[in-house]
Amino acid sequence: MVRTIKSKILLTALLLILSIQIVSSIFQYQQVKSIFYGEFVLGAQNMAQAPFLDLSKRMSRILKAHGDETITKAEREEDILDSLLLFISIIQLQLFDQILNSREDLLEIKFVDFRGTVLTHSYKKESSSIHQNISDNVDLKVEEEVIAIVNSQKQGTAVIGEKVYIFVPKSIGDNFLGGMILIFSNERIVNARNKILMTSIILVIVFMCFSIFLLFILLMNVLTKPIAQMIDLMKRLANGDYNLHFEIKNQDEIGEMGCAVNEVGAGLQAILGEISN
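Not measured: the values here are computed from a predicted model.

The rules we used
Residues numbered from 1 in each chain as written. Predicted model: local features only at pLDDT ≥ 70, side-chain atom pairs only at ≥ 80, totals over all residues. Heavy atoms only, no water. Pairing = 2+ DSSP bridges. Helix = DSSP H or I, 4+ residues; strand = E, 2+ residues; numbered from the N terminus. Polar contact = N/O pair within 3.5 Å; in protein donor to acceptor, adjacent residues only side chain to side chain. Contact = heavy atoms within 4.5 Å. Patch = residues over 30% accessible without salt bridge, like charges linked within 9 Å, V, L, I, M, F, W, Y side chains within 5 Å. Areas by Shrake-Rupley, 256 points an atom, 1.4 Å probe, with all protein chains shown as cover. Salt bridge = Lys/Arg side-chain N within 4 Å of Asp/Glu carboxyl O. Lys, Arg positive; Asp, Glu negative; His and termini not counted. Charge placed at Lys NZ, Arg CZ, Asp CG, Glu CD. Buried < 20%, exposed > 50% of the residue type's maximum accessible area, 1.4 Å probe, protein only.

A.B. asks: Quick question: what am I supposed to make of the pairing of strand E3 (residues 128-133) here?
C.D. replies: A regular strand carries its side chains on alternate faces of the sheet. As defined by bridge partners, strand E2 (residues 118-125) adjoins E3 across 6 bridges and the pair is classed as antiparallel. The residue bridging Thr 120 from the neighbouring strand is Asn 133, located in E3. In sequence, E2 turns back onto E3 through a hairpin of 2 residues, with Glu 126 there showing a positive phi of about 60°.

Here is the structure:
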């Protein structure tokens, strides 16, 4: 009975260790991912500072000029959009090329207005940078997962496939103008995940080999030794030694066999005693 309890405790401990390793790997991956996303967000904020500063200087005058209540809301928005497209197109040519080349994992930059419309799109192609605006390509679009972030007018992150989208909003006073969407490669996070996964697989393999070794020793103690002891008793019984006893430690099949051997030995010894008398 004690051996059975020990076996169950050992197996439970092995399963617990395996579960802890799996949970630890998942937690480690989540930590690494959070660190990378935080670094992406911080990088996006820093890279958006120069364009936003230039944009603030240019747009402040336009917004101030539209404080006149005689101008309708539609006229005001249309004029702001025209000015925003003009200024961001100028900034695109001046700064976006420099920003794209500042980081290897930065793939694209999009600027969207307060309606979620893409005004400009800059991206890397081989060794050069390509710049487009809505005047050149009216099919410029924002991914659906990113539209919800833009509409919230707050900074946000979205992961789509192997790309990380960081939205950095821009407001002047109470006027939400839109913002920059910086698109980074997810390769570093994927590589980190693969390394953690590979390490976990190696540890699990080592753990499984160790577990098999322990189970082998356990089976040796539970099965092999009692069976060898029983074979020895049977040989003694065949040689006429009926004064034998098998020590029963577990109430299992081996214990029942040992009990039967003890009963056979005791029965034969009793029969021989009666014959002698």
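Read on, since the account is not over.
A.B. asks: Can you walk me through the side chain of Ser 122 in this structure?
C.D. replies: Tracing the chain through its elements places Ser 122 in strand E2. Of note is the side chain of Ser 122, whose polar atom sits 2.9 Å from the side chain of Gln 92. When near neighbours in sequence (up to four residues on either side) are disregarded, Ser 122 contacts Gln 92, Phe 96, Leu 100, Leu 107, Glu 108, Ile 109, Ile 130 and His 131.

A.B. asks: Honestly, a negative patch on the surface in this entry has me stumped. Any pointers?
C.D. replies: On the surface, Glu 75, Glu 78, Asp 79 and Asp 82 cluster together into a patch of negative charge. Looking at where Asp 82 falls in the secondary structure, it is placed in helix H2 (residues 73-102).

A.B. asks: What is the right way to look at the environment of Arg 58 in this model?
C.D. replies: With respect to the helices and strands, the residue Arg 58 is situated in helix H1 (residues 2-65). Spatially, the C-alpha atom of Arg 58 lies 7.0 Å from that of Phe 87, the residues being 29 residues apart in sequence. In this structure Arg 58 touches Phe 87, Ile 90, Ile 91 and Gln 94, once residues within four positions along its chain are discounted.

A.B. asks: Would you mind going over the pattern of salt bridges with me for this structure?
C.D. replies: Side chains that carry opposite charge are capable of pairing whenever their charged atoms lie near each other. For the coordinates displayed, the defined rule picks out 7 salt bridges. Note that Glu 39 and Arg 103 form a salt bridge whose closest N and O atoms lie 2.9 Å from each other. In this pair, Glu 39 sits in helix H1 while Arg 103 sits in the loop between H2 and strand E1 (106-113), placing the two residues 64 residues apart along the sequence. Close ionic contact of Glu 39 with Arg 188 constitutes a salt bridge, the shortest N to O distance being 2.7 Å. Of this pair, Glu 39 sits in helix H1 while Arg 188 sits in helix H4 (residues 187-238), and the two are 149 residues apart along the sequence. Given the relative accessible area of 35%, Arg 188 is considered partly exposed.

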